[in-house]
Amino acid sequence: MRLALLCDDATVVPWLDAIASDPTHEVVLAVTLSPRCAEILRGRSGIRLTPHWEDLLAGKGFDTILVGGSDPTMLEAIKQLASAGQKLLFLPGIDQGSTFVYELSLIRDDNHVSIIPALWHRCDPALIRTRELVRSSSLGRVQLLQFQREIVSESSLVTQADINRALLADIDLLRWLVGDYDQVTALRTGASDAGVLTQSVKLAGKNLPEATWDARASKTSGIRLTIHAEQGIATIELDVQSREWVLTDSNGERLLGNRGAAIRSFLSQLDVGTAGPVEWQELVRGFETVDATGRSVARRRTIDRAPHARSGVGTRARHAGRDGADPRQPALERPRGRTRRLHRRHRRGLASPSRTWSSNGHHHGQWGARTIGDFGDLAEWHGRGELHHHLGD
């Protein structure tokens, strides 16, 4: 596969290393849109450089574009490339924000463009084996998944940004291992403007084992997932030295993962024309879940989302709010900020439907999206689960 590159995020480095070690894959063109782009590419030969992202619009000489980063100029360029129909391999990051992800979703649906979330862990051998253990009967019924994160910090506090950054990746891993959790309860301790001492998240879903996620500050990074089951305990953790996943099953046998091989496998699946190991809507649900933790803390309650309801309930609190609303009914919250402004422009005919709201009746994942005209009013559209809780409280 021949790739172009538009990314200034350090998470792309393992991808570049894996591509460089495989003669079947190659980065042929890279955009140096910012000094960080140039820094990431330093020491890498054989890549043609350009300072203009517009050079990617022609789509000549490469199969897909590896994109990522959170700089506003970078995000706008990614949206423009998607609007032009370019196939994108997308490196997600919490700093991009759920509003951007939803805007990209609308562009994706309107233009029927391929945007694949670059989540390599789904091809890692140790994690694939972990998933088999969780979903098979070899461990018996799984009772609890316990995820523990130690985030590097110079003090006893962790910034909320660092917590959310870690949570986005871990939520996707948990959902992939087990299933689509639809209830989120979060608690923060020692919260201040500087950060928090700890954050705990509990995930639950129908016919799914409960999962907990806990994060705290540490001088060294640590990630460990413990699977408690009727017939034993298995653990998966990130090795400090190799930075590879290591699975220890209930018999004490160990299996070492391989990030480079996982990335190359991921790319090979795309190269043969398959849809890829990750659907776009799964990434959207990850952003939704992270957003729901903030809402859970603010409201001091469980946030409940019905994942497959075509009638649409979006994301809501499990208990009645201060206004005494029936908790069984969807919360028809009004859009805010940029998303609301876009909608107002659309209703006045000032915004192109292809750049704002989907008007082709294409389904948005499993939320049964139709057109704004079908629903009449955006508040009703949101209540049916189309915009979910990223629109704010």
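Details of the structure are given in the entry above.
Scope of this entry: the structure provided in the associated data block.

Conventions we followed
Along each chain, the written sequence defines residue order, and numbers are assigned to residues from 1. Residues qualify for local features only when their pLDDT is at least 70, as the model is predicted, and side-chain atom pairs are given and counted only at 80 or more; totals for whole chains, interfaces and linings, by contrast, use all residues. The basis for every side-chain value is the complete set of heavy atoms in the structure, and neither hydrogens nor water enter the calculation. Take the buried residues of types Ala, Val, Leu, Ile, Met, Phe, Trp, Tyr and Cys, join any two whose side-chain atoms come within 4.5 Å, and each joined set is a nonpolar core. Exposure is judged per residue with a 1.4 Å probe applied to protein chains only, and the accessible area is read against the type maximum: over 50% gives exposed, under 20% gives buried, and values in between give partly exposed. Two residues qualify as a contact provided that any one of their heavy atoms is within 4.5 Å of a heavy atom in the partner residue. Each aromatic pair joins two rings of Phe, Tyr and Trp (for Trp, the six-membered one) with centres within 6.5 Å, and gets the label stacked for planes under 30 degrees apart, edge-to-face for over 60, and tilted for any other angle. The way it works is that DSSP assigns letters per residue, a run of H or I at least four long becomes a helix, a run of E at least two long becomes a strand, and they are numbered from the N terminus. Salt bridge, as applied in this entry: a Lys or Arg side-chain nitrogen positioned within 4 Å of an Asp or Glu carboxyl oxygen. Fitted lines through C-alpha atoms give the axes, limited to the stretch in contact for helices. The angle between two N-to-C directions lies from 0 to 180 degrees. Between 65 and 115 degrees an angle is taken as roughly perpendicular, under 35 as roughly parallel, over 145 as roughly antiparallel, and anywhere else as oblique. A crossing counts as left-handed when the near helix is turned anticlockwise from the far one by less than a right angle, and as right-handed when that turn is clockwise. Throughout this entry, Asp, Glu, Lys and Arg are counted as charged residues, while Ala, Val, Leu, Ile, Met, Phe, Trp, Tyr, Cys and Pro are counted as nonpolar. The remaining residues, Gly among them, count as polar. In this description, strands pair whenever DSSP reports at least two bridges between them. By convention, a crossover is right-handed whenever its connection, traced from the first strand over the helix to the second and viewed with the strands pointing away, goes clockwise.

**Things to note about the nonpolar core**
- In terms of nonpolar packing, the biggest core is built from 101 residues, with L6, W15 and L89 touching the most fellow members.
- With near-sequence residues (within four places) excluded, L6 lies in contact with V31, L33, W53, L56, I65, L66, V67, G68, M74, A77, I78 and L81.

**Regarding the packing of aromatic side chains**
- All chains considered together, the criterion is met by three aromatic pairs.
- Note on W15 and F266: the rings are 5.5 Å apart at their centroids and 85° apart in plane angle, and the pair reads as edge-to-face. Taken together, the positions of W15 in helix 1 (residues 13–20) and F266 in helix 7 (residues 259–271) put the pair 251 residues apart, joining distant regions of the chain.
- Look at F266 and you get buried, because its relative accessible area is 0%.
- Among the aromatic residues, ring-to-ring pairing joins F90, F100 and W280 into one connected group.

**Brief notes about the pattern of salt bridges**
- Going through the model one piece at a time under the given rule, you end up with 18 salt bridges.
- Put simply, R2 and E26 hold a salt bridge, and the shortest N to O gap is 3.6 Å. Within this pair, whereas R2 is found in strand 1 (residues 2–7), its partner E26 is found in strand 2 (residues 26–31), the two being separated by 24 residues in sequence.
- Of the residues examined, R2 reaches a relative accessible area of 39% and is grouped as partly exposed.
- E26 gets classed as partly exposed once you look at its relative accessible area, which sits at 36%.

**Considerations on the environment of A30**
- Note that A30 resides in strand 2.
- Using a relative accessible area of 0% as the deciding quantity, one classes A30 as buried.

**A word on the packing of helix 6 (residues 160–177) against helix 8 (residues 280–299)**
- It is the contact of helix 6 with helix 8, at a shortest axis distance of 9 Å, that shows an interaxial angle of 125°. Considering their axes alone, helix 6 and helix 8 lie oblique with respect to each other. Crossing angle aside, the handedness with which helix 6 passes helix 8 is right-handed. Here N164, L167, L168, I171, D172 and R175 of helix 6 lie close against helix 8, whose contacting residues are E282, R285, G286, F287, T289, V290 and T293.
- Residues that form the contact of helix 6 with helix 8 fall into these classes: five nonpolar, four polar and four charged.

**A short note on the pairing of strand 1**
- Taking burial as the measure, the six residues of strand 1 include five buried ones, the bulk of the element.
- Pairing of strand 1 with strand 2 involves four bridges; the strand directions are parallel. Bridge assignment links A4 to a residue of strand 2, and that residue is L29.
- With respect to chirality, the unit in which strand 1 leads through helix 1 into the neighbouring parallel strand 2 is right-handed.
- Two elements, strand 1 and strand 4 (residues 64–68), share five bridges in a ladder whose sense is parallel. Residue pairing in the sheet places L6 in a bridge with V67 of strand 4.

**Looking at the pairing of strand 10 (residues 210–218)**
- In this sheet, strand 10 lies alongside strand 7 (residues 142–152) in parallel orientation, the contact comprising nine bridges. Pairing of Q148 across the sheet is with D214, part of strand 10.
- By the bridge criterion, six bridges tie strand 9 (residues 198–204) to strand 10 in an arrangement that is antiparallel. Residue pairing in the sheet places K202 in a bridge with T212 of strand 10.
- Hairpin connection between strand 9 and strand 10: a loop of five residues separates the two successive antiparallel strands, and N207 in this loop has a positive phi of roughly 65°.

**With respect to unusual backbone geometry**
- One non-glycine residue, R243, adopts positive backbone phi at about 60°.
- Tracing the chain through its elements places R243 in the loop between strand 12 (232–238) and strand 13 (245–248).
- Here the phi dihedral of R300 falls at roughly 55°; this positive angle occurs in a residue that is not glycine.
- Relative to the assigned elements, R300 resides in the loop between helix 8 and strand 15 (303–305).
- Residue class for R300 comes out exposed when judged on its relative accessible area of 78%.

That is the geometry; function is a separate question.
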